[in-house]
Amino acid sequence: MMPDVMPVSESILKALHDQQVIAYPTEAVFGLGCDPDSEQAVNALLTLKQRPKEKGLILIAADYSQLVPYIDDSRLTQQQQEQIFATWPGPVTWVIPACKTTPDWLTGRFSSLAVRVSDHPVVRQLCRQFGKPLVSTSANLTGLPPCRLAAEVTAQFGHDFPVVAGDVGGRKNPTEIRDALTGDYVRLA
């Protein structure tokens, strides 16, 4: 049973609707996120992170139904789907074939998309209130360690940067990433 979480502030939701980048606590570190359907917002996030578009991004969601518009799960066997569902909600990111309509600002140079159904209560509340998944990448400027506290986000990104209140989960390492078609590890936790 997920603990009760305070509703996400209207200012955070407004920032997302206004195509801004926000920071929020995840399983191990604070993440930077934005509306995955906004090329402007994703480009702002990529610029902030100095991350090349070709690398692709992760989507983080409250539940599987939020990911369905972006992934082609018809290419997965029942066994592959069961393997994915056995780890969700939780700290495992799966690389799944993307829908042909999924924009390349999310997939980068790939025909797949990295996705996760989070078990972090703040992430789940945020995605529920926003009504869709968010782009998720670690909250840190290039060359600096990922932020684990809201104060670290403010120190790196400034006092006006929108930050969702909350604590990161207890994980010490970033979530593992696995290929849904092969089961292979892309990144170990």
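Residues numbered from 1 in each chain as written. Predicted model: local features only at pLDDT ≥ 70, side-chain atom pairs only at ≥ 80, totals over all residues. Heavy atoms only, no water.

- For the protein, the name recorded in an unreviewed UniProt entry is Threonylcarbamoyl-AMP synthase, with Chimaeribacter arupi as its organism.
- The Sequence similarities (unreviewed entry) comment attached to the protein in UniProt states, word for word, "Belongs to the SUA5 family. TsaC subfamily."
- Turning to the protein, the UniProt annotation filed under Catalytic activity (unreviewed entry) states: "L-threonine + hydrogencarbonate + ATP = L-threonylcarbamoyladenylate + diphosphate + H2O". (UniProt positions renumbered as here; feature names shortened; annotations may be inferred.)

1. Some details on the overall build of the protein
Okay, step 1: Of regular secondary structure, the protein possesses six helices and eight strands.
Okay, step 2: Taken against the 2.2 N^0.38 rule, which gives 16 Å for 189 residues, the C-alpha radius of gyration of the protein at 15 Å falls within 12% of a compact globule.
Okay, step 3: Reported as C-alpha extents along the three principal axes, the dimensions of the protein are approximately 45 × 35 × 30 Å.
Okay, step 4: By residue count, 49% of the 189 residues in the protein fall in the buried class.
Okay, step 5: For the protein, contacts bridging at least 24 residues in sequence account for 67% of all contacts bridging at least 6.
Okay, step 6: Taken as a whole, the protein presents about 9,300 Å² of accessible surface, with 53% of it coming from carbon and sulfur. (Helix = DSSP H or I, 4+ residues; strand = E, 2+ residues; numbered from the N terminus. Rg over C-alpha atoms; globule rule 2.2 N^0.38 Å. Buried < 20%, exposed > 50% of the residue type's maximum accessible area, 1.4 Å probe, protein only. Contact = heavy atoms within 4.5 Å. Areas by Shrake-Rupley, 256 points an atom, 1.4 Å probe, with all protein chains shown as cover.)

2. Some words on helix H6 (residues 150-157)
Okay, step 1: Listed in full, the buried residues belonging to H6 are Val153, Gln156 and Phe157. Seen end-on, H6 carries its buried residues on one side only, within an arc spanning 80°. H6 presents Ala151 and Ala155 as exposed residues on the side facing more than 90 degrees away from its buried surface.
Okay, step 2: Tucked into the core, H6 has its buried residues touching strand S1 (22-25), strand S2 (30-33) and helix H2 (39-49).
Okay, step 3: Note on H6: the residue one or two positions beyond its end, Gly158, has a positive phi of about 105°. (Arc of directions from axis to C-beta.)

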